[in-house]
Structures are given as C-alpha cells and as structure tokens.
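Summary of structural features
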Amino acid sequence: MKVWSLGSGSKGNAVLVESGNARILVDAGFAPRTLAQRLQSISVAPASITDCVITHEHGDHCRGAAAAAARWGWRLHATTGTISGCTGLADAQPQSFTAGATLTIAGMTVDTIASPHDANESVVLVVTSRDGIRLGLAYDLGHVPETVATALGRLDMLVLESNHDEGMLRAGPYPASVRARIASTTGHLSNRAAAECAIRSVNPNLAHVLLAHMSEKCNDHGLAVTGMRAALNRTAFRGQVAPLLQHAPCGPFLPRHSRAPSATQLSLF
C-alpha cells in the first residue's frame, strides 16, 4: 500500500490510497482542476482512480466529488446522510452505505465507523489491502469514542486530525460561537486529544502518524509535531510523525518493510 495526501485542512482534503494496481481516493474536497494538478505532480492519472469514498458532506471533503466522477468515471461511495447533505452529490448516483458497514472497493476492504462530528452521518475509515496493510483515516471528529479508538488499533499507517492548539484557539480570531463549535465534542480534535488517540494506536507495525486537518489560524505545525512526538516517545513507537500540508501533496507513505504478522495471517499457517 502507498498513501499520498493531496492536501489537508479547512480548504480541502483528499487522500490517495494505492494497493497493487488499484487506486481509490478518500474525499475530494478540491475542484477537479486542483485535483488533476496535484495528481499530475505525483505522476498519477486521474482516470486511473476507480472509486472515491466521501467521509461527510462538508465542502472541504466533497466539493469536487460529483464533477470529478463525471469527468473521470469514478464511482462514488457515501453514507445516506452524506448524500442528502451534499448539494449535487445525489445526481452523481453514488453508492450509499450506512455508517458501520464494511465495503469491498477495488480489492480493498473499507471499514466505516460512525464519527462524532456536526455532520449528517460522518465516518472514520480503516482501509485494508489484500496483503493485510491497514490504514486508518480519522479526521473531523470532536472526540474519540471507544468504537473509533478500537477500530484504530493494529494499523500500519494513521491519518489523524490534529486540528488546533487549545491555547491558540482560545486566543484566535474566530467568534466565540465558532471557537465553541471547534472545541465541542462534535467539532475537531485538538493536538492534545490527537496525541491521546495516537498513543492507543501504537503497535509494532505502526510506521506513520500523519497529522491532518491542521488549522492555519489556530495551530502551528512545529508545535503539533513536537507535541505528538513527545507523547509517542513515551511509548514503543519508533515511526515517523509528519504534518500533512494544505496546499501541496505529501507522500508516498509506505508500511514497514518488515511487519509482524497479524493474528489472521498467523492462522493461515
């Protein structure tokens, strides 16, 4: 499995997942022109992507999905709540699912877990390749319920929201109502909450913790990365911590060359 971020933040989000010859996109929060430019910069043809899974209906996650599907023939997948909440998405005839469903897309297994966000039916995803590599994608959630924490175990790579520094948010430029929404249990994860979540995901195979959806006004990349590394240094984690950028692709991120076999793999021998 190879993973790229095409951009992550309040202005747009998209994650490319490649397994063998298959490519899927998680979220399409950019206009097709921007998606094409960023895919070109990593030498990926947009038409080589077969499917796009949308985590929720906010524009920075679904803005370009319908138009991109029409242009390049992508199959779209979204919860019923997301389809009803995203303008124009229903016209693209996406395949609907209910949060909690397990999907099989392009040979990959996609587990969907309901997430606590101020959206109609948002989801956290765990994508598993045919050879057992597991990628977790958890952003746009105000807190980490036990169902999400459990799902994010046994990962090889984790894309995790680290949206804001709590002090910077309190002193930031947003109105009080917006600050309250961001900090609420259905808003966005702080750096501290992200670190607490990442600690629970540590296992021998975890190679990357990738900090996503970082606020450009209420966070600092250096602060977020330093805090995450300090938290993970108290564990057995020896992988990479890296911030995902808003305005440029990042990656590819790869699993460890030597992985501990999972319980499922062990049972095959």
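Residues numbered from 1 in each chain as written. Predicted model: local features only at pLDDT ≥ 70, side-chain atom pairs only at ≥ 80, totals over all residues. Heavy atoms only, no water.

1. Here we look at helix H1 (residues 32-41)
In an α-helix, one turn spans 3.6 residues; hence positions three or four apart end up facing the same way. Buried within H1 are the following residues: Pro32, Leu35, Arg38 and Leu39. One face of H1 carries all of its buried residues, which in axial projection span an arc of 130°. With respect to the buried face of H1, the exposed residues turned more than 90 degrees away are Arg33 and Gln40. Against the buried residues of H1 lie strand S1 (2-7), strand S2 (14-19), strand S3 (22-26) and helix H3 (65-72). Of the residues one or two after H1, serine 43 is the one with positive phi, at around 60°. (Buried < 20%, exposed > 50% of the residue type's maximum accessible area, 1.4 Å probe, protein only. Helix = DSSP H or I, 4+ residues; strand = E, 2+ residues; numbered from the N terminus. Arc of directions from axis to C-beta. Contact = heavy atoms within 4.5 Å.)

2. Observations concerning the sheet that holds strand S13 (residues 240-243)
Reading across the sheet, the 7 strands line up as S7-S8-S9-S10-S11-S12-S13 and stay open at both edges, with mixed pairing between neighbours. The outermost strands of the open sheet, each flanked by one partner alone, are strand S7 (102-105) and S13. In this sheet, neighbouring strand axes are inclined to one another by 20° on average, regardless of whether the strands run parallel or antiparallel. As defined by bridge partners, strand S11 (residues 157-161) adjoins strand S12 (residues 208-212) across 5 bridges and the pair is classed as parallel. Directly across from leucine 160, in S12, lies its bridge partner leucine 211. Across the face of the sheet, helix H8 (residues 191-201) comes into contact with S11 and S12 while running at roughly 160° to S11. Sheet contacts for helix H9 (residues 221-232): S11, S12 and S13; angle to S13, the most-contacted strand, approximately 160°. (Pairing = 2+ DSSP bridges. Axes fitted to C-alpha atoms, helices over the stretch in contact; angles between N-to-C directions.)

3. Looking at the confidence of the model for the protein chain
The predicted model of the protein chain has a mean per-residue pLDDT of 95, with 96% of residues at 70 or higher. A low-confidence stretch, residues 263-269 (pLDDT under 50), is modelled with 4 contacts involving residues beyond four sequence positions or located in other chains. (pLDDT = per-residue confidence, 0-100.)

4. Section: the pattern of salt bridges
For the coordinates displayed, the defined rule picks out 7 salt bridges. In this structure, the salt-bridge partner of glutamate 146 is arginine 200, at a minimum N-O distance of 2.7 Å. With glutamate 146 in helix H5 (residues 146-151) and arginine 200 in helix H8, this pair connects stretches of sequence that are 54 residues apart. Sharing partners across several salt bridges, the network here consists of Glu166, Arg192 and Glu196. (Salt bridge = Lys/Arg side-chain N within 4 Å of Asp/Glu carboxyl O.)

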